[in-house]
Amino acid sequence: MFSYEKKDCLGEEKAEAAFNNQTKNNCYVFYQHSDYALFLENASMFNTDDLINEQDIYIVDKGFNWTYIQTHEAGWCGPYFSVK
């Protein structure tokens, strides 16, 4: 969706900065190739430094108002940040 420009988003360093600056209370974290999801409470300190070496990870707020995606193709495709 983002790499094919079907939805407006920020990319690369702008996406990372937007995610780091986003108010984060409760977040869902899930991976592309997994059936499991994590629910993080009080996630205000969660940022891209916590995602080093993570690939194909999706992070959304509880209301799905914003999305941060870190792909396995960083530097070429992503990361991406989008708001509803």
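The text that follows walks through the structure, step by step, so that each part is easy to find. (Residues numbered from 1 in each chain as written. Predicted model: local features only at pLDDT ≥ 70, side-chain atom pairs only at ≥ 80, totals over all residues. Heavy atoms only, no water.)

1. Notes on the pairing of strand S3 (residues 37-40)
Then step 1. The sheet contact formed by strand S2 (residues 27-31) and S3 spans four bridges and is antiparallel. The partner of Phe30 across the bridge, within S3, is Ala37.
Then step 2. Hairpin geometry of S2 and S3 is characterised by an intervening segment of five residues between the two adjacent antiparallel strands. (Pairing = 2+ DSSP bridges. Helix = DSSP H or I, 4+ residues; strand = E, 2+ residues; numbered from the N terminus.)

2. A look at the sheet that holds strand S1 (residues 10-11)
Picture the strands of a sheet paired through backbone hydrogen bonds; they go either parallel or antiparallel.
Then step 1. Taken together, six strands build an open sheet; the order of strands is S1-S6-S5-S4-S2-S3 and the sheet is antiparallel. With one partner strand each, in any of the chains shown, S1 and S3 form the two edges of the open sheet.
Then step 2. As judged from the four bridges shared by strand S5 (residues 66-70) and strand S6 (residues 80-83), these two strands associate in the antiparallel manner. By the bridge assignment, Thr67 is partnered in S6 with Ser82.

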